[in-house]
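Given next are the chains, with one letter for each unit.
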Amino acid sequence: MTQRIAVVTGASGGLGETMCKAMVDQGHKVAGSYLPGTDTDAKEWQQAMQAAGYEVAIYPLDVTDYDNCCSFIAAVEKELGSIDVLVNNAGITRDAPLKRMQPQQWQDVLRTNLDSMYNMCQPVFDAMCSRGFGRIVNISSLNGEQGQFGQANYSAAKAGIYGFTKAIAKEGARKGVTVNAVSPGFINTPMVRQIPENVLESIVAGIPVGRLGQPEEIARAVAFLTAEEAGYITGTNLSVNGGEYMS
Ligand code: CAA
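Read on for a plain summary of the structure. Nothing here was measured: the structure is a model prediction, and the numbers come from that model.

## Notes on the overall build of the protein
Secondary structure summary: the protein contains 9 helices and 7 strands in total. Since a compact globule built from 247 residues should have a radius of gyration of about 18 Å, the 17 Å found for the protein is in line with a globular shape. Projected onto its principal axes, the C-alpha positions of the protein cover 45 × 40 × 35 Å. Among the 247 residues that make up the protein, the fraction classed as buried is 50%. Considering only intrachain contacts with a sequence separation of at least 6, the fraction spanning at least 24 residues in the protein is 74%. Computed over 19 positive and 25 negative side-chain charges, the inter-centroid distance for the protein is 6 Å.

## Remarks on the site of the ligand
The ligand sits among 19 residues. The nearest are Asp 95, Arg 100, Ser 141, Gln 148 and Tyr 154. At a separation of 2.6 Å, an oxygen atom of the ligand approaches a polar side-chain atom of Gln 148. Between an oxygen atom of the ligand and a side-chain N or O atom of Tyr 154, the distance comes to 2.7 Å. Burial of the ligand by the protein amounts to 57% of the accessible area it has alone, namely 1,100 Å². Looking at the shell around the ligand, the elements that each hand over two or more residues are α7 (190-193) and α8 (197-205). Looking at the shell around the ligand residue by residue, the class counts come to 10 nonpolar, 7 polar and 2 charged.

## A look at the packing of aromatic side chains
Going through the model one piece at a time under the given rule, you end up with 2 aromatic pairs. The lysine or arginine in question, Arg 4, covers the ring of Phe 133, its NZ or CZ lying 3.5 Å from the ring centre.

## Some points on the environment of Gly 134
Here Gly 134 shows up in strand β5 (residues 134-139). Separated by 10 residues in sequence, Gly 134 and Val 124 place their C-alpha atoms 9.2 Å apart. With sequence-adjacent residues up to four places away left out, Gly 134 is seen in contact with Asp 84, Met 128, Gly 176, Val 177 and Thr 178.

## Concerning the sheet that holds strand β1 (residues 5-8)
Read across the open sheet, the 7 strands follow the order β3-β2-β1-β4-β5-β6-β7; overall the sheet is parallel. Each of the sheet's edge strands pairs with one partner strand only, and the pair in question is β3 (56-60) and β7 (237-240). Taken over all neighbouring pairs, the strand axes of this sheet differ in orientation by 20 degrees on average, direction set aside. With 4 bridges connecting them, strand β4 (residues 85-88) and β5 associate as parallel partners. Considered in β5, the bridge of Asn 88 is made with Asn 138. Running over the sheet, helix α1 (residues 16-25) touches β1, β2 (29-34), β3, β4 and β5 and is turned about 175 degrees from β1. Packing of helix α9 (residues 215-226) onto the sheet brings it into contact with β4, β5, β6 (177-184) and β7, and relative to β6 it is tilted by some 165 degrees.

## Considering helix α2 (residues 39-51)
With 13 residues, α2 extends 18 Å between its outermost C-alpha atoms, agreeing within 8% with the 18 Å of an ideal straight helix rising 1.5 Å per residue. Taken together, the buried residues of α2 touch α1, β2 and β3. Looking at the residues trailing α2, positive phi occurs at Gly 53, about 95 degrees.

Quick notes on the rules
Residues numbered from 1 in each chain as written. Predicted model: local features only at pLDDT ≥ 70, side-chain atom pairs only at ≥ 80, totals over all residues. Heavy atoms only, no water. Helix = DSSP H or I, 4+ residues; strand = E, 2+ residues; numbered from the N terminus. Rg over C-alpha atoms; globule rule 2.2 N^0.38 Å. Buried < 20%, exposed > 50% of the residue type's maximum accessible area, 1.4 Å probe, protein only. Contact = heavy atoms within 4.5 Å. Lys, Arg positive; Asp, Glu negative; His and termini not counted. Charge placed at Lys NZ, Arg CZ, Asp CG, Glu CD. Near = heavy atom within 4 Å. Polar contact = N/O pair within 3.5 Å; in protein donor to acceptor, adjacent residues only side chain to side chain. Areas by Shrake-Rupley, 256 points an atom, 1.4 Å probe, with all protein chains shown as cover. Nonpolar A, V, L, I, M, F, W, Y, C, P; charged D, E, K, R; others polar. Phe/Tyr/Trp six-rings, centres within 6.5 Å; stacked < 30°, edge-to-face > 60°. Lys NZ or Arg CZ within 6 Å of the ring centre and 35° of its normal. Pairing = 2+ DSSP bridges. Axes fitted to C-alpha atoms, helices over the stretch in contact; angles between N-to-C directions. Expected span 1.5 Å × (residues − 1).

By themselves these figures say nothing about function.
Structure below.
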């Protein structure tokens, strides 16, 4: 197993934690990011991970800020080495029906969920190409594929990820750099548990598999796409949604 340097943004969140574990299980050195201002929670999370046998270097990072992404990447590369694997996982929701959606809700979601893709990929991409190896996985969503009531902002950002992913997949294809998207459906995470109970019940009723997904089921897809052997898979989207949307 070749040891790689892997970065997961939004590391301590519902999906990020299992992605970090999957990267460590693949033998990689792993760096994760957390939201600035949540240092105490992040340190506790890191200690709990350590106690469970998972070593993850963590750094505060605002993925909406290009300069901050550049300094985060420089810090990881100084401490761990050149980044080979990047999982763009950090994301937020600010749900509201369009008639009540405020400009701030639109901007926050677009900046966090879509601008972040450019902010993180641009500073690492050329170096990955020069070294002849890279694995980038951008976390999109079922709701970017099918649209969702109350998520005009989120669905737009997550759909935008597909175009971005395909474009840079073409740029990296001859250089050993693969770029793919993973689109989780409704997964048992704090983000999904925030949905009003009656709404969530009707969502689960519409999932063919008949249950919410587990974070490990997303991490497994990410691990598959970041593997050394996944070099012929690029520019694609892997939907992990219990059959809710079949493209
Ligand atoms: N389809 C059609 N109509 C719907 C609807 C739906 N899915 N959801 C609500 N409505 C209707 C309601 O029945 C209601 O109709 P009436 O006015 O005729 O009674 C109307 O829309 C307004 O609904 P609410 O009163 O519930 O409006 P609200 O402002 O209180 O809440 C909302 C709106 C915030 C969008 C709320 O419905 C909600 O939270 N929905 C869930 C959104 C969602 O799925 N978010 C996913 C988060 S998880 C995630 O994003 C992870 C991932 O990647 C999958």
